[in-house]
Amino acid sequence: MKARPRMKARGISDAIVSIAIRLCQSAWPFFSKIERSVRGGWFTVTWLFVANCVDVSARDGPLFTDITASAGLVFEHDPLPADGAFKFRLPEIMGSGGAFLDFDGDGDLDIYLVQATPLKPNRLYRQEEDGHFEDVTEASGLGDRGYGMGVAVGDVDNDGRLDVYVTNYGRDALYHNRGGGRFEKTEMASESWSTSAVFCDFDADGYLDLYVTSYVKYDAGKSCFKHDGSADFCGPQEFPGEADRLYRNDGNGNFTDVSRSSRIASMRAPGLGVVCLDLNADGRLDFYVANDGKANQLWIQQDDGTFVDDAYMLGAALNAFGKEEAGMGIATGDVDNDGDIDLFLTHLRNETNTLYRNDGELGFEDATHHMGFGKTGIDRTGFGVAMLDFDHDGHLDLAVAHGRVAWGPPLEGSPSNPSFGPYAEPNVLLRNVGGAQFERVAGELDAAIEISRGLVTGDVDGDGDLDVLVTNNAGPARLFRNDASKIGRWLLVRALSDRAERDAHGALVTVSVGGRLFTRLAQPGGSYLSSGDPRAHFGLPAEGVVEALTVVWPDGEAESFSVDGLNRVIVVRKGEGQ
């Protein structure tokens, strides 16, 4: 990674841009975007006089449209156990995730949704040619009946078909895709409370390995209470944390638990979110884990394949005030368009959602307040989260799923369910204004007041923009189609391994258009308990040609590829570039 001048110049430029944005919005509506670049210790503020800078929600037409019903997606999450009794058991408020995946290899995204109660299985929905989703659970064999938490998707045996890993409060399961729409189940040995999981090839042997976060050693007999003496859900601090697990893919369909030998099991914490990518540009994949109420972990891979937690050293363990926060979901992306990947974590209300800005060799800086998140997340509890350029202006925006874990006065429009209604909150869409500030924008994505948990993005209708899937605790899953007016053009890049017809999880893709660089990560894992579209999605300028497309593969090798125009999906394969 490159080292860049950090605090002083960046802080001054942030302040100038922030003031300029406010002036623009209140008095000068002919300013559209404000971009900032920092070069060699000097900063410039570039004013682009295009369109206008009024709130994007004021543009013609909706931003997102709820198409759940019209798409035939019928799913209701039920968090109650087999006895059907609501007893404030901690798993009942954690929710379950979902996934976009092309399980049948027909080129469009299907949907997998995780259920909780053992009385109802997880569901698989195949997308038909007309965009309607058909429930094919029974024929597929993917109807896992554990107390479901999360899902990870990847081709673990290099046969060109996507396999599915399901995490449970109880024993997890790996489902091998045998083709013809059928999956074969393999139970995993661990019985700890698993939450999120991610596939990536950490040892660069050509096969996807698996990292699984573990939450707490839960005691269902323990009760917790509010200040008035009435019952409520316990927090994770009431229970011992568990060690995460790392499984090495042996290449023969089996996984070996290397948690101890890799040192991943050397720490115990209530893990909820995890991502896999090269965070220090040394050509080896690392893991970043969001812990609930404890310091986050940044597992940097060493030469011998072991891992060292460098989160404190690199500035990504605590917030700017040195406080531990309730880490839930993780989003990754280059929010400031400086060529490296930043980290965004969701937290409890009365904590901010936190942006760790990547400063290269200097590590990470908590840029939460610089970027406007101090006022956009403190009043709600965040879970699932994704970075997406929903309007194709070249800047990554944020979609955040919200829902309480502690009782609060029910909000107007919240579910009438007396047990879960007090935990409902609206979601939020945050627009990235020139890479310097984020602002809330209203629309259908935040219209429903529910207990949202999982959130992932993917181009479900094949029109080149990213749509959103949201899972709700004790509520319906929702599918939102992106209908926002677009400023620029788009590109979807599928990065394939040289070993097989499978996605190279963790590949870093950079596109140069009109002298400007845009960097995106090709990785389905992240958010909270969920898995998204594995392709790297770009919103790009309306004018200019593509000068270059560069891929830094998960093993650190880099290649360049040609691009014949935009507004299309392209496939690049390791070893076929220059």
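Placed above this text is the structure.
Residues numbered from 1 in each chain as written. Predicted model: local features only at pLDDT ≥ 70, side-chain atom pairs only at ≥ 80, totals over all residues. Heavy atoms only, no water.

J.: With reference to specific residues and values, describe the pattern of salt bridges.
T.: Scanning all chains against the criterion turns up 36 salt bridges. Across the pair D66 and R478 runs a salt bridge, and its minimum N-O distance is 3.1 Å. Linking D66 in strand β3 (residues 64-66) with R478 in strand β34 (residues 478-482), this pair joins segments that are 412 residues apart in sequence. For the salt bridge of D498 with R499, the shortest nitrogen-to-oxygen distance reads 3.9 Å. Taking the relative accessible area as the measure of exposure, D498 reaches 42% and is therefore partly exposed. Through salt bridges with shared partners, a single network forms among D498, R499, D555, E557 and K574. (Salt bridge = Lys/Arg side-chain N within 4 Å of Asp/Glu carboxyl O. Helix = DSSP H or I, 4+ residues; strand = E, 2+ residues; numbered from the N terminus. Buried < 20%, exposed > 50% of the residue type's maximum accessible area, 1.4 Å probe, protein only.)

J.: Quick rundown of the pairing of strand β24 (residues 354-358)? Include the residues and the values.
T.: Two faces belong to every sheet, and in a regular strand the side chains alternate between them. Taken across its 5 residues, β24 has 5 buried, putting it largely inside the fold. Every second residue of β24 is oriented toward a common face, with T354, Y356 and N358 on one face and L355 and R357 on the other, all of them buried. As defined by bridge partners, strand β23 (residues 342-345) adjoins β24 across 3 bridges and the pair is classed as antiparallel. Each bridged residue has a counterpart across the sheet, and for L345 the counterpart in β24 is T354. The pairing of β24 with strand β25 (residues 364-366) spans 3 bridges and is classified as antiparallel. For R357, the partnering residue across the bridge sits in β25 and is E365. Here β24 folds back onto β25 in antiparallel fashion, the turn holding 5 residues, of which G360 has a positive phi close to 65 degrees. (Pairing = 2+ DSSP bridges.)

J.: Please provide a residue-by-residue account of the nonpolar core, values included.
T.: Judged by nonpolar contacts, the single largest core of 24 residues is most densely connected at L90, I93, M94, W193, Y215 and V216. Dropping the residues within four chain positions of it, V216 is found in contact with L90, W193, P236, F239, P240, G241, E242 and P270. L491, A495, F518 and F561 belong to the second largest nonpolar core, which has 22 residues in total. (Core = buried A, V, L, I, M, F, W, Y, C linked by side-chain atoms within 4.5 Å. Contact = heavy atoms within 4.5 Å.)

J.: So what's going on with unusual backbone geometry? Residues and values would help.
T.: Phi is positive for N158, which is not a glycine, with a value near 55 degrees. Secondary-structure assignment places N158 in the loop between β8 (148-154) and β9 (163-168). Positive phi is not limited to glycine here, since A204 has a value of about 55 degrees. With respect to the helices, strands and loops of the structure, A204 is situated in the loop between β12 (194-200) and β13 (209-214). The partly exposed category is assigned to A204, whose relative accessible area is 42%.

J.: If you had to explain the sheet that holds strand β16 (residues 245-249) to someone new, which residues and values would you point to?
T.: Sheet strands pair by backbone hydrogen bonding; their relative direction is either parallel or antiparallel. If you walk across this open sheet you meet the 4 strands as β12-β13-β16-β17, and the pairing is antiparallel. With partners counted over all chains shown, the strands left at the sheet margins are β12 and β17 (255-257), one partner each. Averaged over all neighbouring strand pairs, the angle between strand axes comes to 25 degrees, with direction disregarded. Direction of pairing for β16 relative to β17: antiparallel, over a ladder of 3 bridges. Residue N249 lies in a different strand from β17, and its bridge partner there is F255. (Axes fitted to C-alpha atoms, helices over the stretch in contact; angles between N-to-C directions.)

J.: Describe in detail the state of the cysteines, supporting the description with residues and values.
T.: Counted by the stated rule, this structure contains 2 disulfides. A sulfur-sulfur separation of 2.1 Å characterises the disulfide bridge that pairs C200 with C276. Looking down the S-S bond of the C200 and C276 bridge, the torsion is 85 degrees, so its handedness is right-handed. Of this pair, C200 sits in strand β12 while C276 is found in strand β18 (residues 271-277), placing the two residues 76 residues apart along the sequence. Neither residue differs from the other here; C200 and C276 are each classed as buried. Here C224 engages in a disulfide with C234; their sulfurs sit 2.0 Å apart. Because the torsion about its S-S bond is 100 degrees, the bridge between C224 and C234 counts as right-handed. Remark: C234 occurs in the loop between β15 (231-232) and β16 and C224 occurs in strand β14 (residues 224-225); sequence separation between them is 10 residues. Taking the relative accessible area as the measure of exposure, C224 reaches 13% and is therefore buried. (Disulfide = S-S within 2.5 Å.)

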